[in-house]
Amino acid sequence: MKIIKVKNYDELSEKAFQIVKEQISKKPNSVIGFATGKTPIKLYQKLSKAYKNNNVDFSKIKTFNLDELYPMKQTDKRSYYRYMFKNLFSKINVKKENINLLNGGAKSPSAECKNYENKIQKNSIDLQILGLGANAHIGFNEPGSSPNSKTHLVNLTEETAKVKKNSRALTMGISTIMKSKKIILLASGGGKSKAVHDLIKGKISKDCPASFLRKHRNIFVIIDEKASSLL
Ligand code: GLP
């Protein structure tokens, strides 16, 4: 695991931007795994700006999003579908048919998850972008999640449910995430310092889902000063 310490959120976003940009310039048809939440917002702004300035061409990329609230209509303002179109997909030249998101409106969540998992395995993710939950969840793999988990429906912990205002979600599993060829995990701010500490220095265990990432061969953890304050 490579740890990249930066000063603040701006530098963190710039570092992540450089990695994504380099990935797409080296392999224009890269398969990219996207995350939602507050943390990647500035990265998405930078990617949008780079497209506008003709610095990155997204026309050949394929995308898979990490997770989606359930049940959740795509038209709902809180859906991650809306988030991705608002913050990134509507601002770059990614082809609509190359965008993959879990459907929070699916009648059968198990069929939706199975289908999504198969699609990911057929494509294989070149670069997965991850955030970090305050309780060290990745995607929506909450404490207690199995390292063997595939895309599945989860009951959120009380803490997460309160923040997300929803009690269930669909998420790539830990094993799905671990199959990505390269991962960047972004954590910014004091609220993430305990999770960052446990991810880097704690025991590898189900209590800290992010700790399983230490077994990944090609992961970059980008953290700012506040997030690394307990290291
Ligand atoms: C949610 C998402 C995660 C995200 C995390 C952190 O729970 N499922 O994928 O990484 O929140 O969010 P934020 O970046 O807003 O702190």
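Computed from a predicted structure; not experimentally measured.

A. Up close: the sheet that holds strand β7 (residues 152-155). Strand order in the open sheet made by the 3 strands is β4-β8-β7, with antiparallel pairing throughout. Strands with a single pairing partner mark the edges of an open sheet, and in this sheet they are β4 (67-70) and β7. Each neighbouring strand pair of the sheet contributes to a mean axis angle of 30°, computed without reference to strand direction. Pairing analysis gives 4 bridges linking β4 to strand β8 (residues 168-171), with the strands arranged antiparallel. The residue of β8 that forms the bridge with L69 is A169.

B. Up close: the sheet that holds strand β6 (residues 127-130). In space, the 7 strands of this open sheet follow the order β1-β10-β9-β6-β2-β3-β5, with parallel pairing throughout. Only two strands of the sheet have a single partner each, and these edge strands are β1 (2-6) and β5 (99-100). Note: β1 against strand β10 (residues 219-224), 5 bridges, orientation parallel. Bridged to K5 within β10 is I223. Helix α1 (residues 9-26) rests against β1, β2 (31-34), β6, β9 (182-187) and β10 of the sheet, and its axis sits at about 165° to β9.

C. Up close: unusual backbone geometry. Following Y70, the chain continues into P71 via a peptide bond in cis, with omega recorded as -15°. The backbone of N54 shows a phi angle near 65°, a positive value even though the residue is not glycine. Considering the arrangement of structural elements, one finds N54 in the loop between α2 (41-52) and β3 (62-65).

D. Focus on the packing of α2 against helix α3 (residues 80-87). Closest axis-to-axis distance for the α2/α3 pair is 10 Å, and the angle between their directions is 40°. With respect to each other, α2 and α3 are oriented oblique. On the side of α2, the interface is formed by I41, Y44 and S48, while α3 contributes Y83, M84 and N87. In terms of residue class, the contact of α2 with α3 is made up of 4 nonpolar, 2 polar and no charged.

What counts, and at which threshold
Residues numbered from 1 in each chain as written. Predicted model: local features only at pLDDT ≥ 70, side-chain atom pairs only at ≥ 80, totals over all residues. Heavy atoms only, no water. Pairing = 2+ DSSP bridges. Helix = DSSP H or I, 4+ residues; strand = E, 2+ residues; numbered from the N terminus. Axes fitted to C-alpha atoms, helices over the stretch in contact; angles between N-to-C directions. Contact = heavy atoms within 4.5 Å. Parallel < 35°, antiparallel > 145°, perpendicular 65-115°, else oblique. Nonpolar A, V, L, I, M, F, W, Y, C, P; charged D, E, K, R; others polar.

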